[in-house]
Amino acid sequence: MVTDWFTGDGDGFRLLGTRCSACVSVFFPREDGHCRNPACPGGELEEVPLSRRGRVWSYTDSRYRPPSPYVSDPELPWEPYALIAVELEAERIVVLGQAVPGITVADLAVGMEVEVVPGVLDEDTETTWTTWHWRPAEVTA
Amino acid sequence: MTGDVAVLGAGMHPWGKWGRGFVEYGTAAARAALADAGLEWRDVGSIVGADTVRGGYPGYVAGATFAKALGWQGARVASVYAACASGAQAVNTARAQLLSGLADVVLVVGADAAPKGFFRPAGGERHDDPDWLRFRVLGATNPTYFGLYARRRMALYGDTPEDFAQVKVKNAALGALNPYARYRKRVSAEEVAASAVVADPLRLLDICATSDGGAALVLSSMEFARRHGAADPVRIRAVSTVTPRYPNTVLDLPDIATDSAAGAPPPDETFRASIARAAYEEAGIGPEDLSLAEVYDLSTALELQWYEDLGLCGEGEGAKLLREGATALGGRIPVNASGGLASFGEAVPAQAIAQVCELTWQLRGDAGDRQIAGARVGLTANQGLFGHGSAVLAVR
């Protein structure tokens, strides 16, 4: 579904973007066609791992079950999850993601340091869909 | 300066959940606008429809859909899709035809029958569609983004949920005075605070509903208006339909990430602010000249953001402007005198047209109990998915 958006396990888990060799703009989700900076003559787009840690730009949660194509089991009671928009300093980009399960908005603050970890978006008997989650840096798994 | 076009007629179908098709709402609004203009449908040389993507294939060709319902008469036809900015871009298409002499009279129509609950992307496995991806990968609904913006304002400027609630209180009081609004009851801050949290910190009454509705305008060249006996019509002086500039550093619907500012400095102003500035520059008019503004209050917190983006106050001062009463009826610069989306709900292709209907009635002095005394200049602002945003500036 989101081929080559992230890689690795455990502490080696990273989001993957691409970076323009000419103007150093970073793209996530990855841009493999042409650099989108209109002032750039256009360089090679090279795959780069994004910074593992960043700071919370903002956050919210989802108290109602999102509609399809989000996949959730309608038989189970809805468990809200938090969503965090994270500012990565080196890349100067903000990336949205779900918080790790169990983290609520009460645990979060704008400016707090978070790190990216692998997570499970959904699973059925045949497939597990993996994704990225943001986790407050002082929380250990 | 590119010249004015006249607003000869404005019409709406009342908004609500009526359970009928969008064609019915659109044609009712069109007939009302034609009657208001004192024109027959057969007098119209061009029709521009703002598209709905609901209702299946006919929705993508709204101009012809409305023309058929009104009776084929050979008019020039166009259909415009620009998400929430569809209506404003339909107005812009009509204006371009009038200014270029392609038509003397243009009918602009937008209508929708919206589903209940969250908006969602079209069906299927659509891995190349950012709108599909944000739902599938993150479960990020529209209120997710509104919640992020609201929380960010709280952290940066000290806005409170009570400030946000006061936007709803203001807009509900105005909607109560508007016969076309879906919600016509006043709402108290306590009722907002007692409603369920949807996307922290925003509650159900902080977020606009989905609605059925329709709105239409009859626009003409100034020369036709004079011949028609409208010596001093409401005039559209500017329509801004700009894209963002790279790098767009505010997380926007439906994106999962912003552009990176690593390779190019961010622009001096945000996308939303550039929408209004483009309209001001085209009209040669500034925020200090405005009598009223109609903005997309998709959430209460977002209305405060628009105050700043429109230049009604400085950055971070939106809540202060609201607390002073400046944006209420009787204040220095009333915002959403119509009741806003808080009172109407979203009928996507119609709402930007409905904003111009409200400007028209206000600038004519026909707005009844919600009339802003001596209104001379009005601005609308909206923003849709995928880098669409528009503003319409009208004068009398």
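Cut-offs applied
- Residues numbered from 1 in each chain as written.
- Chains lettered and ligands numbered in written order.
- Predicted model: local features only at pLDDT ≥ 70, side-chain atom pairs only at ≥ 80, totals over all residues.
- Heavy atoms only, no water.
- Helix = DSSP H or I, 4+ residues; strand = E, 2+ residues; numbered from the N terminus.
- Buried < 20%, exposed > 50% of the residue type's maximum accessible area, 1.4 Å probe, protein only.
- Contact = heavy atoms within 4.5 Å.
- Areas by Shrake-Rupley, 256 points an atom, 1.4 Å probe, with all protein chains shown as cover.
- Lys, Arg positive; Asp, Glu negative; His and termini not counted.
- Charge placed at Lys NZ, Arg CZ, Asp CG, Glu CD.
- Salt bridge = Lys/Arg side-chain N within 4 Å of Asp/Glu carboxyl O.
- Buried area = accessible area lost by both parts, 1.4 Å probe.
- Polar contact = N/O pair within 3.5 Å; in protein donor to acceptor, adjacent residues only side chain to side chain.
- Nonpolar A, V, L, I, M, F, W, Y, C, P; charged D, E, K, R; others polar.
- Phe/Tyr/Trp six-rings, centres within 6.5 Å; stacked < 30°, edge-to-face > 60°.
- Lys NZ or Arg CZ within 6 Å of the ring centre and 35° of its normal.
- Axes fitted to C-alpha atoms, helices over the stretch in contact; angles between N-to-C directions.
- Parallel < 35°, antiparallel > 145°, perpendicular 65-115°, else oblique.
- Pairing = 2+ DSSP bridges.
- Core = buried A, V, L, I, M, F, W, Y, C linked by side-chain atoms within 4.5 Å.
- Patch = residues over 30% accessible without salt bridge, like charges linked within 9 Å, V, L, I, M, F, W, Y side chains within 5 Å.

Caption draft 1: Expanded view of the overall build of chain A. Within chain A one finds 0 helices and 9 strands. Walking chain A from its N terminus toward its C terminus, one meets helices and strands in the order β-β-β-β-β-β-β-β-β. Overall, chain A is about 50 × 35 × 25 Å in size when its C-alpha atoms are taken along their principal axes. Taken across its 141 residues, chain A has 49% of its residues classed as buried. A separation of at least 24 residues holds for 51% of the contacts in chain A among residues at least 6 apart in sequence. Taken as a whole, chain A presents about 7000 Å² of accessible surface, with 47% of it coming from carbon and sulfur. Side chains of chain A carry 11 positive and 23 negative charges; the gap between the two charge centres is 7 Å.

Caption draft 2: The arrangement of the pattern of salt bridges in detail. Residues and elements named next belong to chain B. Within the structure shown, the criterion is met by 31 salt bridges over all chains. In this structure, the salt-bridge partner of Arg237 is Asp4, at a minimum N-O distance of 2.8 Å. Of the two residues, Arg237 is situated in strand E8 (residues 234-240) and Asp4 in the segment before strand E1 (5-16); the sequence distance between them amounts to 233 residues. The residues Arg237 and Asp4 share a single accessibility class, namely buried.

Caption draft 3: The arrangement of the interface of chain B and chain A in detail. Counting from both sides, the interface comprises 40 residues of chain B and, opposite them, 45 residues of chain A. Buried area between chain B and chain A, summed over both chains or domains, comes out near 3700 Å², and the portion from carbon and sulfur atoms is 64%. It is Arg136, Leu138 and Tyr246 of chain B in chain B that bury the most area against chain A; as a group they hold 19% of the surface buried on that side. On the surface where chain B and chain A come into contact, there are 1 salt bridge. Between Asp259 of chain B and Arg36 of chain A there is a salt bridge whose closest N-O contact spans 3.4 Å. Here chain B and chain A share 16 residue pairs in polar contact (both at pLDDT 80 or more) between them. Elements represented by at least two residues in the side of chain B that touches chain A include exactly helix H4 (130-138), helix H5 (142-157) and strand E5 (197-199) of chain B. Its residues assigned to classes, the side of chain B that touches chain A comprises 26 nonpolar, 8 polar and 6 charged.

Caption draft 4: Representation of the packing of aromatic side chains within the structure. Under the criterion given, the structure shown has 11 aromatic pairs over all chains. Through successive ring pairs, a cluster of aromatic residues spans Trp5, Phe6, Phe13, Phe28 and Trp132 of chain A. In this arrangement the basic side chain of Arg136 of chain B is found over the ring face of Trp129 of chain A, its NZ or CZ atom lying 5.4 Å from the centre. It is Arg272 of chain B that lies over the ring of Trp306 of chain B; its NZ or CZ is 5.9 Å from the centre.

Caption draft 5: Looking closely at the packing of helix H6 (residues 161-175) of chain B against helix H10 (residues 300-309) of chain B. All names here are of chain B. The geometry of H6 relative to H10 is characterised by a closest axis approach of 7 Å and an angle of 90 degrees between their N-to-C directions. The pairing of H6 with H10 is recorded here as roughly perpendicular in orientation. In this structure, H6 contributes Phe164, Val167, Lys168, Lys170 and Asn171 to the contact, and H10 contributes Thr300, Ala301, Glu303, Leu304 and Tyr307. Taken together, the residues of the contact of H6 with H10 sort by class into 5 nonpolar, 2 polar and 3 charged.

Caption draft 6: Here's a closer look at the sheet that holds E8 of chain B. Residue and element names in this part refer to chain B. The sheet built from 9 strands is open, its strands ordered E3-E2-E4-E7-E1-E8-E11-E10-E9 with mixed pairing. Edge positions in the open sheet fall to strand E3 (76-80) and strand E9 (292-295), since each of these has one partner strand only. Each strand of the sheet is rotated relative to its neighbour by a mean of 25 degrees, with strand direction disregarded. Inspection of the sheet shows E1 paired to E8 by 3 bridges, in the antiparallel sense. Along E8, the bridge assignment pairs Val5 with Ile236.

Caption draft 7: The pairing of strand E6 (residues 82-88) of chain A, seen in detail. Residue and element names in this part refer to chain A. The buried count for E6 comes to 6 of 7 residues, which makes it a mostly enclosed element. With 6 bridges joining them, strand E5 (residues 53-61) and E6 adopt antiparallel strand pairing. By the bridge assignment for E6, Arg55 is matched with Glu87. Hairpin connection from E6 to strand E7 (residues 93-99): 4 residues lie between these consecutive antiparallel strands, with Arg92 at a positive phi of about 50 degrees.

Caption draft 8: Region of the structure containing the nonpolar core. By size, the foremost hydrophobic cluster in this structure holds 139 residues, and its most contacted members are Phe28, Trp132 and Trp134 of chain A together with Leu217 and Leu310 of chain B. If you tally residues by element for this core, the top one is helix H13 (residues 348-364) of chain B, at 10 residues. Counting residues in each nonpolar core, the second largest holds 27 residues, with Ala62, Phe66, Ala216 and Met222 of chain B among its members.

Caption draft 9: Summary view of the sheet that holds strand E9 (residues 128-136) of chain A. Ordered in space as E5-E6-E7-E9-E8 (chain A), the 5 strands form a closed barrel in which the pairing is mixed. Within this sheet the neighbouring strands show an average axis-to-axis angle of 40 degrees, counted without direction.

Caption draft 10: Spatial organisation of a nonpolar patch on the surface. Where nonpolar side chains cluster on the molecular surface, the patch consists of Val53, Tyr57, Tyr60, Val61, Tyr81 and Phe386 of chain B and spans about 610 Å² of accessible area. Along the polypeptide, Val53 of chain B turns up in the loop between strand E2 (46-50) and helix H2 (62-70).

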